[in-house]
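# Per-entry structural report
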Amino acid sequence: NGIVNPGMQFKLNEYIKEGQSLGKAFKTGAQDAVNTLRATVKGLKLLFAGVDLKNALSGPIRISYLMGEATSQGFSESLHAGLESFLTICAYINIALFFMNMLPIPALDGGQILFCFIERS
C-alpha cells in the first residue's frame, strides 16, 4: 500500500516487519539509503540531459506542499502511516542534501574536504 504524489511514491510498511531484528532493520535501512542516493544521482544526470528545469526542479514551497499532501494522506489512513510518510520524506530530503553537499564544489563541504586532501599531500 502506498501514497502517490506527482513524481513521488512512498511505499508504507515495506521494510517494517513484526519481530524484525535490529541488525536486519539497519541493513534494510542502509539499502534504502543507497537506493535513494542512486535515485538522486540519476536525477542529477537527467538535469544535464536537457530536461526542462521548470518542470524538473522544485523549490522549498513545492517540497513543503508535497510533504504536506503525502503526510495528510498518510494520516487519513492511520497515525502510523502519517508519521511514516513524514519521516520517509524527511529521510529522502536529508540523503539528497548529503549527496549535493559532498560534491567537490569549493563552496560546499565536499570542496573543503578536497582542498584539505590537496593541502595534506
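By convention here, each chain's residues receive numbers from 1 onward along its written sequence. It should be noted that, the model being predicted, local features are given only for residues of pLDDT at least 70 and side-chain atom pairs only at 80 or more, the latter also being counted only at that level, while totals for whole chains, interfaces and linings use all residues. Heavy atoms throughout the structure, all of them, feed into the side-chain values; hydrogens and water do not.

## Remarks on the packing of helix α3 (residues 60–77) against helix α4 (residues 79–101)
Describing two packed helices takes the angle between their axes plus the distance from one axis to the other. Throughout, an axis means a line fitted to C-alpha atoms (over the contacting stretch in the case of helices), and angles, computed between N-to-C directions, take values from 0 to 180 degrees. Secondary structure elements are taken from DSSP: a helix is a run of H or I of four residues or more, a strand is a run of E of two residues or more, and numbering for both begins at the N terminus. The interhelical angle for the contact between α3 and α4, taken along N-to-C directions, is 155°, at an axis separation of 5 Å. It follows from the interaxial angle that α3 and α4 lie roughly antiparallel. The two elements α3 and α4 meet at a crossing, and its hand is right-handed. Where α3 abuts α4, its residues Ile 63, Met 67, Ala 70, Thr 71, Gly 74, Phe 75 and Glu 77 lie against Leu 79, Ala 81, Gly 82, Leu 83, Ser 85, Phe 86, Ile 89, Cys 90 and Ile 93. Throughout, the term roughly parallel applies to angles under 35 degrees, roughly antiparallel to angles over 145, roughly perpendicular to angles from 65 to 115, and oblique to all others. We call a crossing left-handed when the near helix sits turned anticlockwise from the far one by less than a right angle, and right-handed when that turn is clockwise. Any two residues having at least one pair of non-hydrogen atoms within 4.5 Å are treated as being in contact.

## Focus: a nonpolar patch on the surface
Only residues above 30% relative accessible area that lack a salt bridge enter a patch, with like-charged residues linked at up to 9 Å and the nonpolar side chains Val, Leu, Ile, Met, Phe, Trp and Tyr linked at up to 5 Å. Each accessible area value is a Shrake-Rupley result obtained with a 1.4 Å probe; residue values ignore everything except the protein chains displayed when judging cover. Salt bridges, as used here, are contacts in which a Lys or Arg side-chain nitrogen is within 4 Å of a carboxyl oxygen on Asp or Glu. Judged by side-chain polarity, Phe 75, Leu 79, Leu 83, Phe 86 and Leu 87 come together as a nonpolar surface patch covering roughly 490 Å² of accessible area. Top contributing element to the nonpolar patch by residue count: α4, with four residues. Structurally, Phe 75 can be placed in helix α3.

## Section: the environment of Phe 115
Residue placement: Phe 115 occurs in helix α5 (residues 109–120). In sequence terms Phe 115 and Pro 104 are eleven residues apart; their C-alpha atoms lie 9.0 Å from each other.

## Observations regarding the confidence of the model for the protein chain
Counting all residues, the mean pLDDT for the protein chain is 78, and 79% of those residues have values of 70 or more. Ranking the elements of the protein chain by mean pLDDT puts strand β1 (residues 2–5) last with 42 and α5 first with 91. Per-residue confidence from the predictor is reported as pLDDT, which spans 0 to 100. Per-residue pLDDT stays below 50 along residues 1–12; that stretch engages in 36 contacts with residues further than four places along the chain or on separate chains.

## Structural notes on α4
Between the first and last residue of a helix there are one fewer steps than residues, each counted as 1.5 Å, and that sum is the expected span. The first and last C-alpha atoms of α4 sit 33 Å apart over 23 residues, in line with the 33 Å expected at 1.5 Å per residue. All of the buried residues along α4 are Ala 81, Gly 82, Glu 84, Ser 85, Ile 89, Ile 95 and Phe 99. Exposure classes here rest on a 1.4 Å probe applied to the protein chains alone. A residue is buried below 20% of its type maximum, exposed above 50%, and partly exposed in between.

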